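Next come the chains, spelled out residue by residue.
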Amino acid sequence: MRFTYAEAMTQADYYAPLAQAAERAGYTSMTVADSLIYPEESDSTYPYTDTGDREFLQGKEFIEAFILCAHLFAVTTTLRLTPFVVKLPVRPPVLAAKQASSLAFLSGNRLGLGVGLSPWPEDFAALGVDWKRRGKRMDECMDILRGLTAPAASPDGLDQDYFGYDGEFYRFEPLQQRPAPTERIPLLVGGHADGALRRAVLKGDGWMHAGGDGEELDRLLARLAEIRREEGDTRDDFEIHVISYDAYDLDGIKRLEEKGVTDCIVGFRDPYVKGPDPEPLEKKIKHLEWYGENIIAKAGQ
């Protein structure tokens, strides 16, 4: 089992010391949240909370995900970063591919790129992208990222094939983006809809769970396993990242492992609260250190 530290919607200057503390404490990864805008008015609902309210986002500090990854990679040496998740289809995919490959190259292949659809039509409108057929657009974006971030055959990142694309939404002649990463960038698909689960299997390297009760998680894991069987997917390295109360004790971790979970995402406060985060940095570090000493260090024994 691998362990990912999750902290979001806190003070922006906390992230670097938290990433360093997580690395020292033995976490494999840290999540990086993505939020692009906060519209003054919206009728949209958030799909991963009971009420669907979006007000918890108001006034929160969000550094753009790729930029925050670059900052955190610069102050760590082994920690992996897993954006949770980059709203991919509102971004130009060729630019997103360049950003991802640059991060992977500079960090020594420490990027696990979580991608998903934005639940906010306002994101699409503000960035000039059509909300309709966003799932198909997402598929094309993933194809482009996969092609343009293909690993170089040489350690200097310069020996990369040309890649072109001719789709419904995106078309371009063959091109290169150097330096390329020297290892494949895992594409981890977020979302609970059946289309997201199938996309994780058909186009991704793993799935990222956004939270919920244990019964719902079991249903999603069962459906994911069913889709993998249907598609003949027998990969041993398929990643399954989940948020679960079982991750907070050793017996629970064993249960998650038996269900095929590869990565536990753990946090120590409810981020879906209105207003600024009242928890000081020192308390956050104590929480993640406690988990490192009492769970991570003992989980493999």
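Values in this document were obtained by computation on a predicted structure and should not be read as measured data. (Residues numbered from 1 in each chain as written. Predicted model: local features only at pLDDT ≥ 70, side-chain atom pairs only at ≥ 80, totals over all residues. Heavy atoms only, no water.)

Asker: Even after reading the chapter, I still don't get unusual backbone geometry, so can you show me in this structure?
Answerer: Both trends apply: most residues other than glycine have a negative phi, and most peptide bonds are in trans. Across the junction of F84 and V85, the peptide omega takes the value -10°, indicating a cis bond. Its place among the elements puts V85 in the loop between β3 (80-83) and β4 (86-87). Along the chain, R178 connects to P179 via a cis peptide bond; the corresponding omega equals 0°. Relative to the elements of secondary structure, P179 occurs in the loop between β7 (171-175) and β8 (187-190). Residues other than glycine seldom take positive phi values, yet R133 does so here, at roughly 55°. Along the chain, the position of R133 falls in the loop between α4 (121-126) and α5 (134-148). (Helix = DSSP H or I, 4+ residues; strand = E, 2+ residues; numbered from the N terminus.)

Asker: How do you make sense of the packing of aromatic side chains when you look at a structure like this?
Answerer: For any pair of aromatic rings, the description consists of the separation of the ring centres together with the inter-plane angle of the planes. Applying the stated criterion across every chain, the model contains 15 aromatic pairs. Through successive ring pairs, a cluster of aromatic residues spans F3, Y5, Y27, Y248, F268 and Y291. (Phe/Tyr/Trp six-rings, centres within 6.5 Å; stacked < 30°, edge-to-face > 60°.)

Asker: Looking at this structure, how should I read the state of the cysteines?
Answerer: By definition, a disulfide links the sulfur atoms of two cysteine residues through a covalent bond. Inspection of every chain in the model, using the stated rule, returns zero disulfides. With no disulfide partner, C141 has as its closest neighbouring cysteine sulfur the one in C69, 18 Å distant. By relative accessible area, which is 0% here, C141 ends up buried. (Disulfide = S-S within 2.5 Å. Buried < 20%, exposed > 50% of the residue type's maximum accessible area, 1.4 Å probe, protein only.)

Asker: Please explain the side chain of R91 as it appears in this structure.
Answerer: Secondary-structure assignment places R91 in the loop between β4 and α3 (93-107). A distance of 2.8 Å separates polar atoms of two side chains, one belonging to R91 and the other to E64. Aside from chain neighbours lying at most four places away, what touches R91 is D34, L36, E64, F66, V86 and C141. (Polar contact = N/O pair within 3.5 Å; in protein donor to acceptor, adjacent residues only side chain to side chain. Contact = heavy atoms within 4.5 Å.)

Asker: It is not clear to me how the layout of surface pockets should be interpreted in this structure. Could you clarify?
Answerer: By rolling a water-sized probe across the atoms, one finds the places where empty space is left. Approximately 160 Å³ is the volume attributed to the second largest pocket. In this structure, the second largest pocket is lined by 13 residues; those nearest its centre are A225, R228, D233, F238 and I240. Per-element tally for the lining of the second largest pocket: the top contributor is helix α7 (residues 214-230), with five residues. Its residues assigned to classes, the lining of the second largest pocket shows five nonpolar, three polar and five charged. (1 Å grid on protein atoms, 1.4 Å probe; cavity = no way out; pocket = protein on both sides within 12 Å on 5 of 7 lines; lining within 4 Å. Points joined across faces, edges and corners; volume = space filled by probe spheres on them. Nonpolar A, V, L, I, M, F, W, Y, C, P; charged D, E, K, R; others polar.)

Asker: What is the right way to look at empty space enclosed by the protein in this model?
Answerer: This model, assessed by the stated rule, comprises two cavities of 30 Å³ or more. By volume, the largest cavity amounts to about 60 Å³. Along the walls of the largest cavity sit 13 residues, with E7, Y15, V32, A33 and L68 positioned nearest its centre. A per-element tally of the lining of the largest cavity places strand β2 (residues 29-32) first, with three residues. For the lining of the largest cavity, the class distribution of residues is ten nonpolar, one polar and two charged. Here the second largest cavity is characterised by a volume of approximately 40 Å³. Lining the second largest cavity we find I37, Y38, P39, R54, L57 and W120.

Asker: Sorry, what's going on with the sheet that holds β4 here?
Answerer: Through backbone hydrogen bonds, the strands of a sheet pair up, either in parallel or in antiparallel fashion. Strand order in this open sheet of nine strands is β3-β2-β1-β11-β10-β9-β8-β5-β4, and the pairing throughout is parallel. Each end of this open sheet is capped by a strand with a single partner; those strands are β3 and β4. Here β4 pairs with strand β5 (residues 113-116) via two bridges, running parallel. Paired with K87 across the two strands is G116, which belongs to β5. (Pairing = 2+ DSSP bridges.)

Asker: Help me understand α7 in this model?
Answerer: Since there are 3.6 residues in each turn of an α-helix, residues three or four apart along the chain are aligned in direction. Taking 1.5 Å per residue as the helical rise, α7 with its 17 residues ought to reach 24 Å, and the 24 Å between its terminal C-alpha atoms agrees with that figure. Taken as a whole, α7 has its buried residues at L217, L220, L221, R223, L224, I227 and R228. Projected down its long axis, α7 shows its buried positions confined to an angular sector of 165°, all on one face. Seen from the open side of α7, the exposed residues pointing more than 90 degrees away from its buried face are E215 and R229. Residues of α7 that are buried sit in contact with α6 (194-202), β9 (206-208), β10 (239-242) and α8 (250-258). Two to three positions downstream of the cap, the backbone nitrogen of E215 sits 3.2 Å from a side-chain oxygen, assigning the N-cap of α7 to D213. Positive phi appears at G232, one or two residues downstream of α7, with a value of about 70°. (Expected span 1.5 Å × (residues − 1). Arc of directions from axis to C-beta.)

Asker: Would you mind going over the pattern of salt bridges with me for this structure?
Answerer: Side chains carrying opposite charge are able to pair once their charged atoms draw close together. On inspection of all chains with the given rule, the structure shows 27 salt bridges. With a closest N to O distance of 2.7 Å, R198 and E231 form a salt bridge. Taken as a pair, R198 in helix α6 and E231 in the loop between α7 and β10 lie far apart in primary sequence, 33 residues in all. E231 sits in the partly exposed class, given a relative accessible area of 37%. The partner of D205 in a salt bridge is R235, with the nearest N and O atoms 3.9 Å apart. Of this pair, D205 sits in the loop between α6 and β9 while R235 sits in the loop between α7 and β10; the two residues are 30 residues apart in sequence, bridging distant segments of the chain. Classification of D205 by relative accessible area gives buried; the value is 11%. Salt bridges sharing common partners tie together R146, R184, D205, R228, D233 and R235. (Salt bridge = Lys/Arg side-chain N within 4 Å of Asp/Glu carboxyl O.)

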